[in-house]
Amino acid sequence: MEDKTTIIENDIFKNVVSHAKEYGFVFPSSEIYDGLQAVYDYGQNGVELKNNIKQAWWKAMTQLHENIVGIDAAIFMHPTTWKASGHVDGFNDPMIDNKDSKKRYRADVLVEEKAAEYAAKGEQTKADDLVKKLARLLESNDLKGVYDLIVEEKITCPVSGTCNWTEVRQFNLMFSTQLGSVADDASTIYLRPETAQGIFVNFLNVQKTGRMKIPFGIAQIGKAFRNEIVARQFTFRMREFEQMEMQFFVRPGDEMKYYEEWKTLRLKWHKAIGLPAEKLKYHKHEKLAHYANAAVDIEYEFPFGYKEIEGIHSRTDFDLGNHEKYSKKKLQYFDNELNKNYVPYVVETSAGADRVFLAILCNAYTEETVGDGEQQKQRTYLKLHPALAPIKAAILPIVKKDGLPEKARKIYDDLKYDLRITYEDKDTIGKRYTRHDLIGTPFCVAIDHQTLEDDTVTIRHRDTMQQERVKIEELRLKIRKQTSFKSILELC
Ligand code: ATP
């Protein structure tokens, strides 16, 4: 049975999801056809918020580090890329179907959930043993063993309640399609499951043309695609998503130093964009991927629990080494100081733009009671970092007459080149404040009759609802200062 806190937390998550839809942040994809599972579209406010998150990342990576540059590689890549990276043979999840409900599950997740059940009942040893047993079976690719474990543990389908399972099969998560008009095996290409490989294959292009010296990094933001078996929790697990990845090329042997450095720097960035320290933690990987010699996740405490938003991996020379092997091209760096060639080692930071977006949205969503006695009312608003807010300021004449709209328009026209702002004159000023609270606009600028007399306006602050009177000529500087990325970058 769920405890009371879980129910309340789940309710909050439900509210966040419906808020995202109602106020133009996230819509289900092709909704008029009832949507497409685990695919979402960003609406008019969502795209601004997501772009701002991506900018905060891009600036932190490229502007704050002289030795990091960006690229934008194509989604389609030569198919051998994915053979070399290990994705064709190894990018699988074990899946199982329940014959009665016809529902599909990740076999490993079913066992992990059973272990979590044991742990919740205080049977920690039993839980640990089960997790270890599962890890051993997966490592030796013993799918029959995983099936036996599910039956042995009497794990039932949450929908049908039965134990009537199919065998466990490996399922490759890459989407494939055909290049050109002739469909044969040679023309099969993949939608990239990670952006990293676009960086590896361009390693020498960037190093040579940019005259980069090791250590240096290449950053990229772009779409990635995974045919996730179980897609749940809104934009947390999608089939089409966006990654913000940086590969840092270092001397072999130096990788642990840079791994520790990037671990610290990346956590700092998440705090700088407004995620509270007490809701962030590291989760060290015990079982390492085939390419890694150290790996840690940064997890955020979503309403549905602590979950990964970014991975930091020491990838050794696995990727560049394999691309050398498959392409038969040298991917080496000549180190002047050491007077020798080598394949660099790589430390990767890999964050999901959609997961960071969801974390920011969950964290910003605020319901509070304001006022006293009869005046008491419920207020909902998004407490977004001003630099991330979709709209920085709303320019609002308090009434739609007496020359106030014309004055407000003038202010709007003057500021619109520097700031993402809106002009609105419909409905009462109170209703307009509420609308902007709901999308997280940090400043509402009210133009009233006094404005016509002394060129001053009222700024209403979203979080405190406090109002202050300022001169029109001070507006630009004041709003720019408080909504600038500088306040984020200074903390990175
Ligand atoms: P998970 O274990 O949750 O499937 P992962 O370990 O496979 O994630 P990575 O391959 O390390 O994820 O990818 C790096 C980042 O990309 C993740 O930290 C996450 O933020 C993001 N990401 C991965 N898969 C998805 C997805 N299906 N939907 C949204 N974001 C994703």
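Structure first, text after, so check above.
Trainee: Would you explain the overall build of the protein in this entry?
Mentor: From N to C terminus, the protein includes 17 helices and 23 strands. Along the first, second and third principal axes, the C-alpha atoms of the protein reach 80 × 65 × 50 Å. Considering the protein as a whole, with its 492 residues, one finds that 49% of them fall into the buried category. By sequence separation, contacts in the protein at least 24 residues apart represent 65% of the contacts at least 6 residues apart. Within the structure as shown, the protein displays about 24600 Å² of accessible surface, and the carbon and sulfur contribution to it stands at 49%. Each charge class in the protein can be summarised by its mean position, and for the 72 positive and 75 negative side chains these summaries are 2 Å apart.

Trainee: Looking at this model, I keep getting lost on the site of the ligand. Mind explaining?
Mentor: Taken together, 15 residues form the shell around the ligand, and within it Glu 228, Arg 237, Met 238, Glu 308 and Ile 309 come nearest. Side-chain polar atom of Arg 237 to an oxygen atom of the ligand: 2.8 Å apart, as the coordinates give it. Within the side chain of Arg 355, an N or O atom sits 3.1 Å from an oxygen atom of the ligand. Among the secondary structure elements, those contributing two or more residues to the shell around the ligand are β10 (240-250), β13 (305-316) and β16 (345-352). At five residues, β13 tops the list of elements feeding residues into the shell around the ligand. Across the shell around the ligand, the residue classes tally to four nonpolar, five polar and six charged.

Trainee: I'm lost on the packing of aromatic side chains in this one. Help?
Mentor: Evaluated as defined, the whole model comprises 17 aromatic pairs. Consider the rings of Tyr 300 and Phe 302, whose centres lie 5.0 Å apart with planes at 85°: the pair is edge-to-face. By relative accessible area, which is 1% here, Tyr 300 ends up buried. An aromatic cluster is built from Phe 13, Phe 236, Tyr 300, Phe 302 and Phe 304, whose rings are joined through pairwise contacts. Positioned over the ring face of Tyr 282 is Lys 263, at 4.9 Å from the centre of the ring. Above the face of the Tyr 423 ring, Arg 409 is positioned so that its terminal group lies 4.0 Å from the ring centre.

Trainee: Any chance you could explain the packing of helix α5 (residues 107-120) against helix α7 (residues 143-152) here in plain terms?
Mentor: For any two helices packed against each other, the geometry comes down to the angle between their axes and how far apart the axes lie. As a packed pair, α5 and α7 sit with axes 10 Å apart at the nearest point and diverge in direction by 35°. Of the two possible hands of crossing, α5 and α7 adopt the one that is left-handed. Side by side, α5 and α7 meet where Ala 107, Leu 110 and Val 111 of the first sit next to Val 146, Leu 149 and Ile 150 of the second. Taken together, the residues of the contact of α5 with α7 sort by class into six nonpolar, no polar and no charged.

Trainee: What is the right way to look at the side chain of Glu 245 in this model?
Mentor: By the element assignment, Glu 245 lies in strand β10. This buried residue, Glu 245, is left without a salt bridge; Arg 315 holds the nearest opposite charge, at 5.4 Å. Within polar-contact distance, the side chain of Glu 245 engages the side chain of Thr 195 at 2.5 Å. If we skip the residues at most four places from it in the chain, Glu 245 touches Trp 57, Glu 194, Thr 195, Ala 196, Ile 199, Ile 218, Ala 219, Gln 220, Glu 348, Thr 349 and Ser 350.

Trainee: I tried to follow the pattern of salt bridges on my own but got confused; where do I start?
Mentor: Charged atoms that come close allow side chains of opposite charge to pair. Applying the stated rule across the entire model yields 38 salt bridges. Between Glu 228 and Arg 237 there is a salt bridge whose closest N-O contact spans 3.4 Å. Residue Glu 228 is classed as buried on the basis of its relative accessible area of 7%.

Trainee: Can you help me understand the pairing of strand β18 (residues 377-382) in this one?
Mentor: On a regular strand, one side chain projects to one face of the sheet and the next to the other, so that they alternate. Pairing between strand β17 (residues 365-370) and β18: six bridges, direction antiparallel. Bridge pairing in β18 places Glu 368 opposite Arg 379. Where β17 folds back on β18, the antiparallel hairpin that results is connected by six residues, among which Gly 371 adopts a positive phi of roughly 85°.

Trainee: Help me understand the sheet that holds strand β4 (residues 92-97), please; the structure alone is not making it clear to me.
Mentor: Backbone-to-backbone hydrogen bonds pair the strands of a sheet. The strands run either parallel or antiparallel. Across the sheet, which stays open at both edges, the three strands sit in the order β5-β4-β6 with antiparallel pairing between neighbours. Edge positions in the open sheet fall to β5 (104-106) and β6 (169-172), since each of these has one partner strand only. Each strand of the sheet is rotated relative to its neighbour by a mean of 45°, with strand direction disregarded. One ladder, built from three bridges, connects β4 with β5; its direction is antiparallel. Counted as the bridge partner of Met 95 is Arg 106 from β5.

Trainee: Explain the environment of Val 206 here, please?
Mentor: Along the chain, the position of Val 206 falls in helix α9 (residues 203-209). Residue Val 206 is classed as buried on the basis of its relative accessible area of 10%. Separated by 194 residues in sequence, Val 206 and Lys 400 place their C-alpha atoms 56 Å apart. The residues contacting Val 206, other than those within four sequence positions of it, are Val 69, Ile 71, Arg 211, Met 212 and Ile 218.

Trainee: I tried to follow the pairing of strand β22 (residues 456-461) on my own but got confused; where do I start?
Mentor: Burial runs high along β22: six of the six residues are buried. Neither face of β22 is exposed, since Thr 456, Thr 458 and Arg 460 on one face and Val 457, Ile 459 and His 461 on the opposite face are all buried. Bridge count between strand β21 (residues 443-447) and β22: four bridges; the pairing is antiparallel. In the strand pairing of β22, Phe 443 is matched with His 461.

About the cut-offs
Residues numbered from 1 in each chain as written. Predicted model: local features only at pLDDT ≥ 70, side-chain atom pairs only at ≥ 80, totals over all residues. Heavy atoms only, no water. Helix = DSSP H or I, 4+ residues; strand = E, 2+ residues; numbered from the N terminus. Buried < 20%, exposed > 50% of the residue type's maximum accessible area, 1.4 Å probe, protein only. Contact = heavy atoms within 4.5 Å. Areas by Shrake-Rupley, 256 points an atom, 1.4 Å probe, with all protein chains shown as cover. Lys, Arg positive; Asp, Glu negative; His and termini not counted. Charge placed at Lys NZ, Arg CZ, Asp CG, Glu CD. Near = heavy atom within 4 Å. Polar contact = N/O pair within 3.5 Å; in protein donor to acceptor, adjacent residues only side chain to side chain. Nonpolar A, V, L, I, M, F, W, Y, C, P; charged D, E, K, R; others polar. Phe/Tyr/Trp six-rings, centres within 6.5 Å; stacked < 30°, edge-to-face > 60°. Lys NZ or Arg CZ within 6 Å of the ring centre and 35° of its normal. Axes fitted to C-alpha atoms, helices over the stretch in contact; angles between N-to-C directions. Left-handed = near helix turned anticlockwise from the far one by under 90°. Salt bridge = Lys/Arg side-chain N within 4 Å of Asp/Glu carboxyl O. Pairing = 2+ DSSP bridges.

No statement about biological role is implied by the geometric values presented.
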